[in-house]
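# Inside the fold
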Amino acid sequence: MSDEATPLRLVKPGQASGPVLAEAAPWSEGLLDTPGERDHIVRFYQDEEFLFEAVAHFVSSGLAAGEPVLLVATEAHRDAFTQRLRRNGVVVDAALASGQMILLDAHETLMRFMVGDEPKWDRFAATLAPVLDGCRMARPGTRVRVFGEMVDLLWRAGNRVAAIRLEEFWNELARQQSFTLLCAYQMGNFYMPGDGELFDEVCARHSHVIPASGEAKTSRLETELEERRRLEGALREALRQKTASAGVIEDRSLQDAERFRLLIESVEEYAIFMLDPAGRVTSWNPGAQRIKGYRADEIIGHHFSRFYPPEDVGKCPMELEVAARDGRFEDEGWRVRKDGTRFWANVVIHRVLDRDGRLVGFAKVTRDLTHRRQLEEERVARAGLERALADQKKQEELREQLIAIVGHDLRTPLSSIVMGAGLMLKRGTLSANDTKTAARIARSADRMTKIIGQLLDFTRARLGGGIRVDPRRMDLSEVCAEVIAEVETANPD
(Lines give C-alpha, C1' and ligand atoms only; values in the text may rest on other atoms or scores of the structure.)
Protein backbone atom coordinates (compact mmCIF):
# COMPACT_ATOMS: atom_id res chain seq x y z
CA MET A 1 0.00 0.00 0.00
CA SER A 2 1.43 3.41 -0.91
CA ASP A 3 1.85 6.14 1.72
CA GLU A 4 -0.42 8.46 -0.24
CA ALA A 5 -4.10 7.68 0.38
CA THR A 6 -6.19 7.30 -2.73
CA PRO A 7 -9.75 8.73 -2.91
CA LEU A 8 -12.43 6.62 -1.30
CA ARG A 9 -15.06 4.95 -3.44
CA LEU A 10 -18.51 6.14 -2.30
CA VAL A 11 -21.17 3.49 -2.12
CA LYS A 12 -24.50 4.57 -3.70
CA PRO A 13 -27.98 2.30 -3.41
CA GLY A 14 -15.15 10.28 18.62
CA GLN A 15 -11.06 10.16 24.21
CA ALA A 16 -13.23 11.47 26.90
CA SER A 17 -12.44 12.06 30.59
CA GLY A 18 -14.99 9.46 31.54
CA PRO A 19 -17.98 7.81 29.86
CA VAL A 20 -21.53 8.66 30.87
CA LEU A 21 -23.94 5.75 31.11
CA ALA A 22 -27.18 6.57 29.33
CA GLU A 23 -30.18 6.69 31.66
CA ALA A 24 -32.89 4.04 31.63
CA ALA A 25 -35.22 6.31 29.65
CA PRO A 26 -35.70 5.20 26.01
CA TRP A 27 -32.78 6.33 23.87
CA SER A 28 -35.22 7.65 21.30
CA GLU A 29 -36.13 10.46 23.72
CA GLY A 30 -32.64 11.80 24.26
CA LEU A 31 -29.08 10.95 23.34
CA LEU A 32 -29.48 9.76 19.76
CA ASP A 33 -31.97 12.54 18.96
CA THR A 34 -29.81 15.51 19.89
CA PRO A 35 -26.26 14.41 20.74
CA GLY A 36 -23.74 17.06 21.67
CA GLU A 37 -20.99 18.19 19.32
CA ARG A 38 -17.95 15.85 19.47
CA ASP A 39 -19.93 13.28 21.49
CA HIS A 40 -18.47 9.78 21.04
CA ILE A 41 -21.30 7.33 21.76
CA VAL A 42 -21.09 3.54 21.94
CA ARG A 43 -24.15 1.31 21.58
CA PHE A 44 -23.92 -2.29 22.84
CA TYR A 45 -26.37 -4.75 21.28
CA GLN A 46 -27.13 -8.45 20.99
CA ASP A 47 -29.95 -8.54 18.43
CA GLU A 48 -29.07 -6.74 15.17
CA GLU A 49 -32.62 -5.41 14.94
CA PHE A 50 -31.83 -3.14 17.89
CA LEU A 51 -28.71 -1.93 16.07
CA PHE A 52 -30.68 -1.21 12.89
CA GLU A 53 -33.32 0.74 14.84
CA ALA A 54 -30.72 2.76 16.80
CA VAL A 55 -28.69 3.73 13.72
CA ALA A 56 -31.80 4.56 11.68
CA HIS A 57 -33.02 6.81 14.51
CA PHE A 58 -29.61 8.50 14.85
CA VAL A 59 -29.42 9.11 11.09
CA SER A 60 -33.02 10.21 10.50
CA SER A 61 -32.83 12.72 13.40
CA GLY A 62 -29.69 14.20 11.85
CA LEU A 63 -31.20 14.41 8.36
CA ALA A 64 -34.33 16.07 9.76
CA ALA A 65 -32.11 18.65 11.52
CA GLY A 66 -30.30 19.42 8.25
CA GLU A 67 -27.08 17.74 9.34
CA PRO A 68 -24.92 15.74 6.91
CA VAL A 69 -24.56 12.02 7.68
CA LEU A 70 -21.69 9.59 7.02
CA LEU A 71 -22.34 5.84 7.35
CA VAL A 72 -19.27 3.54 7.34
CA ALA A 73 -20.71 0.00 7.41
CA THR A 74 -20.62 -3.41 5.78
CA GLU A 75 -22.70 -4.00 2.69
CA ALA A 76 -25.29 -6.08 4.59
CA HIS A 77 -25.70 -3.42 7.26
CA ARG A 78 -25.84 -0.57 4.72
CA ASP A 79 -28.76 -2.33 3.03
CA ALA A 80 -30.47 -2.94 6.39
CA PHE A 81 -30.00 0.69 7.49
CA THR A 82 -31.37 2.15 4.24
CA GLN A 83 -34.37 -0.22 4.31
CA ARG A 84 -35.16 0.82 7.88
CA LEU A 85 -34.76 4.50 6.97
CA ARG A 86 -37.19 4.10 4.07
CA ARG A 87 -39.63 2.30 6.38
CA ASN A 88 -39.37 5.29 8.75
CA GLY A 89 -40.27 7.71 5.95
CA VAL A 90 -36.82 8.98 4.98
CA VAL A 91 -36.31 9.71 1.27
CA VAL A 92 -32.96 7.93 1.08
CA ASP A 93 -32.34 8.44 -2.63
CA ALA A 94 -32.79 12.19 -2.31
CA ALA A 95 -30.41 12.34 0.67
CA LEU A 96 -27.78 10.41 -1.30
CA ALA A 97 -28.24 12.44 -4.46
CA SER A 98 -27.93 15.75 -2.59
CA GLY A 99 -24.81 14.60 -0.74
CA GLN A 100 -26.45 15.00 2.67
CA MET A 101 -25.88 11.29 3.28
CA ILE A 102 -22.73 9.40 2.22
CA LEU A 103 -22.19 5.63 2.45
CA LEU A 104 -18.75 4.01 2.70
CA ASP A 105 -17.82 0.35 2.82
CA ALA A 106 -16.33 -0.51 6.25
CA HIS A 107 -13.97 -3.23 4.98
CA GLU A 108 -12.60 -1.11 2.15
CA THR A 109 -12.19 1.99 4.33
CA LEU A 110 -10.46 0.00 7.07
CA MET A 111 -7.91 -1.42 4.65
CA ARG A 112 -6.87 2.07 3.58
CA PHE A 113 -5.21 2.89 6.90
CA MET A 114 -4.24 -0.55 8.25
CA VAL A 115 -0.57 -1.54 7.97
CA GLY A 116 -0.35 -5.18 8.94
CA ASP A 117 -2.47 -5.54 12.08
CA GLU A 118 -2.12 -1.90 13.17
CA PRO A 119 -4.00 1.26 12.17
CA LYS A 120 -1.80 4.22 11.22
CA TRP A 121 -2.85 7.73 12.26
CA ASP A 122 -1.56 9.56 9.20
CA ARG A 123 -3.37 7.19 6.84
CA PHE A 124 -6.52 7.32 8.99
CA ALA A 125 -6.61 11.13 8.95
CA ALA A 126 -5.84 11.26 5.22
CA THR A 127 -8.70 8.83 4.56
CA LEU A 128 -11.50 10.24 6.75
CA ALA A 129 -10.77 13.99 6.99
CA PRO A 130 -11.46 14.70 3.26
CA VAL A 131 -14.72 12.76 3.45
CA LEU A 132 -15.87 14.79 6.47
CA ASP A 133 -14.91 18.01 4.66
CA GLY A 134 -16.93 16.85 1.66
CA CYS A 135 -19.95 16.18 3.88
CA ARG A 136 -19.93 19.78 5.10
CA MET A 137 -19.24 21.31 1.69
CA ALA A 138 -22.93 21.86 0.88
CA ARG A 139 -23.76 22.82 4.49
CA PRO A 140 -20.89 24.97 5.85
CA GLY A 141 -20.74 25.32 9.61
CA THR A 142 -22.73 22.16 10.39
CA ARG A 143 -21.41 19.17 12.27
CA VAL A 144 -21.50 15.70 10.72
CA ARG A 145 -23.25 12.67 12.22
CA VAL A 146 -21.04 9.60 11.75
CA PHE A 147 -21.78 5.94 12.33
CA GLY A 148 -18.79 3.57 12.00
CA GLU A 149 -18.48 -0.16 12.58
CA MET A 150 -14.80 -0.58 11.67
CA VAL A 151 -13.94 -1.00 15.38
CA ASP A 152 -16.45 -3.86 15.60
CA LEU A 153 -14.88 -5.54 12.57
CA LEU A 154 -11.45 -5.40 14.23
CA TRP A 155 -12.88 -6.71 17.50
CA ARG A 156 -14.67 -9.61 15.81
CA ALA A 157 -11.42 -10.51 14.03
CA GLY A 158 -9.69 -10.81 17.41
CA ASN A 159 -7.56 -7.65 16.93
CA ARG A 160 -8.81 -5.90 20.06
CA VAL A 161 -5.72 -3.74 20.58
CA ALA A 162 -6.23 -2.26 17.11
CA ALA A 163 -9.93 -1.66 17.82
CA ILE A 164 -9.18 0.32 20.98
CA ARG A 165 -6.44 2.22 19.12
CA LEU A 166 -8.91 3.11 16.38
CA GLU A 167 -11.31 4.50 19.01
CA GLU A 168 -8.46 6.79 20.13
CA PHE A 169 -7.92 7.90 16.51
CA TRP A 170 -11.59 8.93 16.27
CA ASN A 171 -11.21 10.97 19.48
CA GLU A 172 -8.09 12.67 18.09
CA LEU A 173 -9.84 13.45 14.79
CA ALA A 174 -12.76 14.94 16.76
CA ARG A 175 -10.36 17.60 18.09
CA GLN A 176 -9.77 18.68 14.50
CA GLN A 177 -13.19 18.12 12.91
CA SER A 178 -16.76 18.88 13.98
CA PHE A 179 -18.69 15.60 14.12
CA THR A 180 -20.67 13.31 16.43
CA LEU A 181 -19.75 9.63 16.32
CA LEU A 182 -21.88 6.58 17.06
CA CYS A 183 -20.22 3.15 17.08
CA ALA A 184 -21.48 -0.25 18.20
CA TYR A 185 -20.24 -3.53 19.64
CA GLN A 186 -22.08 -6.84 19.88
CA MET A 187 -22.39 -7.98 23.51
CA GLY A 188 -21.48 -11.50 22.44
CA ASN A 189 -17.90 -10.25 22.05
CA PHE A 190 -17.53 -9.84 25.84
CA TYR A 191 -18.23 -13.20 27.45
CA MET A 192 -14.78 -14.73 27.94
CA PRO A 193 -12.76 -14.49 31.17
CA GLY A 194 -10.71 -11.30 31.03
CA ASP A 195 -13.20 -9.52 28.76
CA GLY A 196 -14.45 -7.44 31.69
CA GLU A 197 -11.27 -5.35 31.69
CA LEU A 198 -11.44 -4.93 27.91
CA PHE A 199 -15.09 -3.92 28.22
CA ASP A 200 -14.01 -1.16 30.62
CA GLU A 201 -11.28 -0.10 28.15
CA VAL A 202 -13.87 0.33 25.40
CA CYS A 203 -16.26 2.28 27.61
CA ALA A 204 -13.46 4.58 28.82
CA ARG A 205 -12.85 5.80 25.27
CA HIS A 206 -16.42 7.02 24.78
CA SER A 207 -18.27 10.01 26.18
CA HIS A 208 -21.56 8.10 26.44
CA VAL A 209 -22.40 4.39 26.78
CA ILE A 210 -25.78 3.01 25.77
CA PRO A 211 -26.23 -0.49 27.26
CA ALA A 212 -28.34 -3.10 25.53
CA SER A 213 -31.08 -2.56 28.11
CA GLY A 214 -33.93 -3.07 25.68
CA GLU A 215 -33.09 -6.69 24.99
CA ALA A 216 -34.16 -9.29 27.51
CA LYS A 217 -31.44 -11.81 26.78
CA THR A 218 -28.74 -9.16 26.59
CA SER A 219 -29.79 -7.69 29.93
CA ARG A 220 -29.07 -11.02 31.55
CA LEU A 221 -25.77 -11.28 29.69
CA GLU A 222 -24.79 -7.77 30.82
CA THR A 223 -25.58 -8.69 34.43
CA GLU A 224 -23.43 -11.78 34.08
CA LEU A 225 -20.63 -9.74 32.53
CA GLU A 226 -20.79 -7.15 35.32
CA GLU A 227 -20.65 -9.91 37.92
CA ARG A 228 -17.73 -11.49 36.09
CA ARG A 229 -15.83 -8.20 36.02
CA ARG A 230 -16.43 -7.76 39.72
CA LEU A 231 -15.16 -11.25 40.43
CA GLU A 232 -12.08 -10.76 38.27
CA GLY A 233 -11.35 -7.44 39.97
CA ALA A 234 -11.67 -9.05 43.38
CA LEU A 235 -9.28 -11.81 42.31
CA ARG A 236 -6.70 -9.33 41.03
CA GLU A 237 -7.00 -7.30 44.23
CA ALA A 238 -6.40 -10.42 46.32
CA LEU A 239 -3.29 -11.25 44.31
CA ARG A 240 -1.96 -7.72 44.75
CA GLN A 241 -2.16 -7.79 48.51
CA LYS A 242 1.41 -8.78 49.37
CA THR A 243 0.78 -8.82 53.12
CA ALA A 244 -1.94 -11.44 52.89
CA SER A 245 -0.91 -14.96 53.69
CA ALA A 246 -0.69 -17.58 50.97
CA GLY A 247 -3.59 -19.43 52.56
CA VAL A 248 -5.88 -16.39 52.46
CA ILE A 249 -5.07 -15.75 48.80
CA GLU A 250 -5.66 -19.36 47.91
CA ASP A 251 -9.00 -19.43 49.71
CA ARG A 252 -10.10 -16.24 47.96
CA SER A 253 -9.07 -17.60 44.57
CA LEU A 254 -10.98 -20.80 45.19
CA GLN A 255 -14.06 -18.84 46.23
CA ASP A 256 -13.89 -16.65 43.12
CA ALA A 257 -13.35 -19.68 40.90
CA GLU A 258 -16.40 -21.34 42.45
CA ARG A 259 -18.53 -18.23 41.95
CA PHE A 260 -17.37 -17.97 38.35
CA ARG A 261 -18.36 -21.61 37.81
CA LEU A 262 -21.80 -20.91 39.27
CA LEU A 263 -22.13 -17.91 36.96
CA ILE A 264 -21.49 -20.00 33.84
CA GLU A 265 -23.89 -22.70 35.03
CA SER A 266 -26.68 -20.14 35.50
CA VAL A 267 -26.73 -19.18 31.81
CA GLU A 268 -29.49 -21.08 29.99
CA GLU A 269 -29.79 -19.18 26.68
CA TYR A 270 -26.28 -20.11 25.55
CA ALA A 271 -24.44 -23.40 25.34
CA ILE A 272 -21.09 -22.59 27.01
CA PHE A 273 -18.54 -25.36 27.32
CA MET A 274 -14.82 -26.08 27.07
CA LEU A 275 -12.86 -28.28 24.67
CA ASP A 276 -9.42 -29.73 25.09
CA PRO A 277 -6.82 -29.04 22.32
CA ALA A 278 -8.05 -32.14 20.45
CA GLY A 279 -11.69 -30.95 20.47
CA ARG A 280 -13.08 -33.20 23.23
CA VAL A 281 -15.70 -31.72 25.60
CA THR A 282 -14.32 -31.02 29.10
CA SER A 283 -17.13 -28.93 30.66
CA TRP A 284 -20.88 -28.54 30.10
CA ASN A 285 -23.37 -25.92 31.33
CA PRO A 286 -27.20 -26.18 31.68
CA GLY A 287 -27.64 -24.02 28.58
CA ALA A 288 -25.73 -26.62 26.55
CA GLN A 289 -27.95 -29.39 27.92
CA ARG A 290 -31.10 -27.40 27.08
CA ILE A 291 -30.00 -26.58 23.51
CA LYS A 292 -28.23 -29.81 22.54
CA GLY A 293 -30.09 -32.36 24.70
CA TYR A 294 -27.06 -34.12 26.26
CA ARG A 295 -26.45 -34.41 29.99
CA ALA A 296 -22.90 -33.65 31.15
CA ASP A 297 -22.17 -37.33 31.89
CA GLU A 298 -23.29 -38.25 28.36
CA ILE A 299 -21.07 -35.83 26.44
CA ILE A 300 -17.93 -34.96 28.45
CA GLY A 301 -14.99 -36.73 26.87
CA HIS A 302 -16.61 -36.97 23.43
CA HIS A 303 -15.47 -34.99 20.38
CA PHE A 304 -17.51 -31.89 19.53
CA SER A 305 -18.00 -33.15 15.96
CA ARG A 306 -20.97 -35.07 17.42
CA PHE A 307 -22.94 -31.81 17.21
CA TYR A 308 -22.40 -31.45 13.43
CA PRO A 309 -24.43 -33.04 10.61
CA PRO A 310 -22.53 -35.67 8.59
CA GLU A 311 -21.86 -33.33 5.68
CA ASP A 312 -20.14 -30.76 7.96
CA VAL A 313 -18.10 -33.01 10.27
CA GLY A 314 -15.02 -32.31 8.16
CA LYS A 315 -15.14 -28.63 9.14
CA CYS A 316 -14.26 -29.34 12.78
CA PRO A 317 -10.43 -29.52 12.42
CA MET A 318 -10.44 -26.35 10.33
CA GLU A 319 -12.48 -24.44 12.96
CA LEU A 320 -10.04 -25.39 15.76
CA GLU A 321 -7.10 -24.52 13.54
CA VAL A 322 -8.46 -21.04 12.79
CA ALA A 323 -9.33 -20.41 16.45
CA ALA A 324 -5.85 -21.56 17.56
CA ARG A 325 -4.17 -19.34 14.94
CA ASP A 326 -6.34 -16.22 15.03
CA GLY A 327 -7.72 -16.43 18.57
CA ARG A 328 -11.34 -16.66 17.45
CA PHE A 329 -13.61 -18.47 15.00
CA GLU A 330 -17.27 -17.68 14.29
CA ASP A 331 -19.74 -19.42 12.02
CA GLU A 332 -23.44 -20.08 11.47
CA GLY A 333 -24.83 -23.38 10.26
CA TRP A 334 -26.88 -26.48 11.02
CA ARG A 335 -26.13 -28.43 14.20
CA VAL A 336 -27.60 -31.68 15.50
CA ARG A 337 -29.26 -32.35 18.86
CA LYS A 338 -29.12 -35.61 20.77
CA ASP A 339 -32.50 -36.68 19.34
CA GLY A 340 -31.26 -36.13 15.77
CA THR A 341 -33.20 -32.93 15.08
CA ARG A 342 -31.36 -30.03 13.52
CA PHE A 343 -31.21 -26.40 14.62
CA TRP A 344 -29.59 -23.32 13.10
CA ALA A 345 -26.76 -22.12 15.36
CA ASN A 346 -24.36 -19.24 15.77
CA VAL A 347 -21.06 -20.70 17.01
CA VAL A 348 -18.06 -18.85 18.46
CA ILE A 349 -14.83 -20.65 19.41
CA HIS A 350 -12.09 -18.87 21.41
CA ARG A 351 -8.65 -20.27 22.12
CA VAL A 352 -7.58 -20.58 25.78
CA LEU A 353 -3.89 -20.07 26.63
CA ASP A 354 -2.04 -20.66 29.89
CA ARG A 355 0.28 -18.11 31.57
CA ASP A 356 3.12 -19.18 29.27
CA GLY A 357 1.05 -18.71 26.11
CA ARG A 358 0.56 -22.43 25.44
CA LEU A 359 -2.74 -23.63 24.02
CA VAL A 360 -4.69 -25.55 26.69
CA GLY A 361 -8.04 -25.75 24.93
CA PHE A 362 -10.97 -23.81 23.56
CA ALA A 363 -14.08 -22.08 24.89
CA LYS A 364 -17.14 -22.66 22.71
CA VAL A 365 -20.41 -20.73 22.81
CA THR A 366 -23.45 -21.81 20.78
CA ARG A 367 -26.73 -19.91 20.33
CA ASP A 368 -29.92 -21.37 18.81
CA LEU A 369 -31.07 -19.06 15.96
CA THR A 370 -33.58 -21.47 14.37
CA HIS A 371 -36.58 -19.23 14.96
CA ARG A 372 -34.83 -16.21 13.43
CA ARG A 373 -33.83 -18.24 10.39
CA GLN A 374 -37.39 -19.54 9.94
CA LEU A 375 -38.74 -16.01 10.01
CA GLU A 376 -36.19 -14.95 7.40
CA GLU A 377 -36.99 -17.90 5.15
CA GLU A 378 -40.71 -17.15 5.42
CA ARG A 379 -40.05 -13.54 4.52
CA VAL A 380 -37.99 -14.54 1.46
CA ALA A 381 -40.60 -17.10 0.37
CA ARG A 382 -43.41 -14.58 0.78
CA ALA A 383 -41.52 -12.00 -1.23
CA GLY A 384 -40.90 -14.57 -3.98
CA LEU A 385 -44.57 -15.53 -4.11
CA GLU A 386 -45.60 -11.89 -4.29
CA ARG A 387 -43.20 -11.31 -7.19
CA ALA A 388 -44.50 -14.40 -9.01
CA LEU A 389 -48.13 -13.29 -8.60
CA ALA A 390 -47.28 -9.79 -9.80
CA ASP A 391 -45.52 -11.20 -12.87
CA GLN A 392 -48.46 -13.48 -13.64
CA LYS A 393 -50.93 -10.62 -13.34
CA LYS A 394 -48.78 -8.47 -15.60
CA GLN A 395 -48.60 -11.22 -18.24
CA GLU A 396 -52.37 -11.68 -18.18
CA GLU A 397 -52.93 -7.97 -18.61
CA LEU A 398 -50.49 -7.84 -21.52
CA ARG A 399 -52.20 -10.80 -23.17
CA GLU A 400 -55.62 -9.20 -22.84
CA GLN A 401 -54.31 -5.87 -24.14
CA LEU A 402 -52.74 -7.66 -27.11
CA ILE A 403 -56.04 -9.32 -27.97
CA ALA A 404 -57.81 -5.97 -27.77
CA ILE A 405 -55.23 -4.27 -29.99
CA VAL A 406 -55.27 -7.05 -32.59
CA GLY A 407 -59.07 -7.10 -32.66
CA HIS A 408 -59.24 -3.36 -33.08
CA ASP A 409 -56.62 -3.23 -35.84
CA LEU A 410 -58.33 -5.99 -37.83
CA ARG A 411 -61.42 -3.84 -38.25
CA THR A 412 -59.80 -1.44 -40.72
CA PRO A 413 -58.84 -3.92 -43.51
CA LEU A 414 -62.05 -5.85 -42.89
CA SER A 415 -64.12 -2.71 -43.47
CA SER A 416 -62.50 -2.36 -46.88
CA ILE A 417 -63.51 -5.92 -47.78
CA VAL A 418 -67.12 -5.37 -46.67
CA MET A 419 -67.42 -2.09 -48.55
CA GLY A 420 -65.81 -3.50 -51.71
CA ALA A 421 -68.07 -6.57 -51.80
CA GLY A 422 -71.14 -4.46 -51.09
CA LEU A 423 -70.25 -2.01 -53.86
CA MET A 424 -69.84 -4.80 -56.44
CA LEU A 425 -73.23 -6.23 -55.51
CA LYS A 426 -74.96 -2.85 -55.72
CA ARG A 427 -73.65 -2.11 -59.24
CA GLY A 428 -75.18 -5.31 -60.64
CA THR A 429 -72.53 -5.70 -63.27
CA LEU A 430 -71.33 -9.12 -62.18
CA SER A 431 -72.20 -12.42 -63.70
CA ALA A 432 -74.39 -14.86 -61.79
CA ASN A 433 -71.42 -16.87 -60.50
CA ASP A 434 -69.45 -13.70 -59.60
CA THR A 435 -72.49 -12.28 -57.85
CA LYS A 436 -72.77 -15.46 -55.80
CA THR A 437 -69.04 -15.27 -54.90
CA ALA A 438 -69.25 -11.56 -53.97
CA ALA A 439 -72.26 -12.32 -51.77
CA ARG A 440 -70.32 -15.04 -49.97
CA ILE A 441 -67.40 -12.60 -49.48
CA ALA A 442 -69.77 -10.07 -47.97
CA ARG A 443 -71.33 -12.67 -45.64
CA SER A 444 -67.90 -14.00 -44.53
CA ALA A 445 -66.65 -10.47 -43.92
CA ASP A 446 -69.79 -9.73 -41.95
CA ARG A 447 -69.22 -12.89 -39.89
CA MET A 448 -65.59 -11.92 -39.28
CA THR A 449 -66.78 -8.50 -38.11
CA LYS A 450 -69.01 -10.22 -35.57
CA ILE A 451 -66.12 -12.46 -34.41
CA ILE A 452 -63.91 -9.40 -33.89
CA GLY A 453 -66.72 -7.71 -32.00
CA GLN A 454 -67.09 -10.79 -29.81
CA LEU A 455 -63.30 -10.86 -29.26
CA LEU A 456 -63.38 -7.24 -28.13
CA ASP A 457 -66.39 -7.96 -25.93
CA PHE A 458 -64.48 -10.85 -24.34
CA THR A 459 -61.49 -8.57 -23.68
CA ARG A 460 -63.73 -5.92 -22.15
CA ALA A 461 -65.29 -8.58 -19.96
CA ARG A 462 -61.87 -9.71 -18.70
CA LEU A 463 -60.45 -6.23 -18.17
CA GLY A 464 -63.58 -4.25 -17.40
CA GLY A 465 -65.60 -6.60 -15.20
CA GLY A 466 -68.23 -7.91 -17.64
CA ILE A 467 -70.40 -7.00 -20.67
CA ARG A 468 -74.12 -6.60 -21.21
CA VAL A 469 -75.89 -9.60 -22.81
CA ASP A 470 -78.69 -8.82 -25.31
CA PRO A 471 -80.41 -12.12 -26.37
CA ARG A 472 -82.62 -12.11 -29.51
CA ARG A 473 -84.37 -14.57 -31.82
CA MET A 474 -82.85 -15.76 -35.08
CA ASP A 475 -83.51 -18.22 -37.91
CA LEU A 476 -81.22 -21.26 -37.47
CA SER A 477 -81.77 -22.33 -41.09
CA GLU A 478 -80.30 -19.05 -42.31
CA VAL A 479 -77.24 -19.56 -40.10
CA CYS A 480 -76.73 -23.06 -41.47
CA ALA A 481 -77.08 -21.87 -45.05
CA GLU A 482 -74.48 -19.14 -44.48
CA VAL A 483 -72.03 -21.64 -42.99
CA ILE A 484 -72.52 -24.11 -45.89
CA ALA A 485 -72.00 -21.37 -48.45
CA GLU A 486 -68.83 -20.19 -46.75
CA VAL A 487 -67.39 -23.72 -46.59
CA GLU A 488 -68.28 -24.33 -50.25
CA THR A 489 -66.32 -21.23 -51.25
CA ALA A 490 -63.16 -22.61 -49.65
CA ASN A 491 -63.87 -26.19 -50.87
CA PRO A 492 -65.65 -25.97 -54.25
CA ASP A 493 -65.13 -29.64 -55.08
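Our next topic: the overall build of the protein chain. Scanning the protein chain from N- to C-terminus turns up 16 helices and 13 strands. Buried positions account for 42% of the 493 residues belonging to the protein chain. Carbon and sulfur atoms form 55% of the exposed surface of the protein chain, whose accessible area is close to 27,100 Å².

Right, let's get into the nonpolar core. Nonpolar side chains tend toward joint burial in soluble globular proteins. Core analysis: the largest hydrophobic core is formed by 40 residues, its most contacted members being Phe-44, Leu-70, Leu-166, Trp-170 and Phe-179. A total of eight residues in this core trace back to one element, the largest contributor, which is helix H7 (residues 160-174). Grouped together as the second largest cluster of nonpolar side chains are 28 residues, Leu-31, Val-55, Phe-58 and Ala-80 included.

Glancing now at the pairing of strand E11 (residues 328-336). Bridging between E11 and strand E12 (residues 342-353) involves nine bridges; their strand directions are antiparallel. Paired with Trp-334 across the two strands is Trp-344, which belongs to E12.

Attention now goes to helix H2 (residues 75-87). With 13 residues, H2 should reach 18 Å at 1.5 Å per residue; the first-to-last C-alpha distance of 18 Å fits that figure. What H2 keeps buried is the set His-77, Arg-78, Ala-80, Phe-81, Thr-82, Arg-84 and Leu-85. On its buried side, H2 packs onto helix H1 (48-64), strand E3 (69-73), helix H3 (92-98), strand E4 (101-105), helix H4 (106-111) and strand E7 (144-148).

So, on to the side chain of Arg-328. Tracing the backbone through its elements, the reader meets Arg-328 in strand E11. Classification of Arg-328 as buried rests on a relative accessible area of 9%. Engagement of the side chain of Arg-328 in a polar contact is seen with the backbone oxygen of Arg-156, the distance being 2.8 Å. A distance of 2.9 Å separates the side chain of Arg-328 from the side chain of Glu-330, its partner in a polar contact.

As a further point, take the sheet that holds strand E10 (residues 271-275). Within the open sheet, the four strands sit side by side as E10-E13-E12-E11. Their pairing is antiparallel. For this open sheet the edge positions go to E10 and E11, each flanked by a neighbour on one side alone. Going from strand to strand, the sheet's axes swing by 25° on average, the running direction of each strand aside. Against the sheet, helix H13 (residues 315-326) contacts E10, E11, E12 and strand E13 (359-368), and its axis sits at roughly 160° relative to E11.

Conventions adopted
- Residues numbered from 1 in each chain as written.
- Predicted model: local features only at pLDDT ≥ 70, side-chain atom pairs only at ≥ 80, totals over all residues.
- Heavy atoms only, no water.
- Helix = DSSP H or I, 4+ residues; strand = E, 2+ residues; numbered from the N terminus.
- Buried < 20%, exposed > 50% of the residue type's maximum accessible area, 1.4 Å probe, protein only.
- Areas by Shrake-Rupley, 256 points an atom, 1.4 Å probe, with all protein chains shown as cover.
- Core = buried A, V, L, I, M, F, W, Y, C linked by side-chain atoms within 4.5 Å.
- Pairing = 2+ DSSP bridges.
- Expected span 1.5 Å × (residues − 1).
- Contact = heavy atoms within 4.5 Å.
- Polar contact = N/O pair within 3.5 Å; in protein donor to acceptor, adjacent residues only side chain to side chain.
- Axes fitted to C-alpha atoms, helices over the stretch in contact; angles between N-to-C directions.

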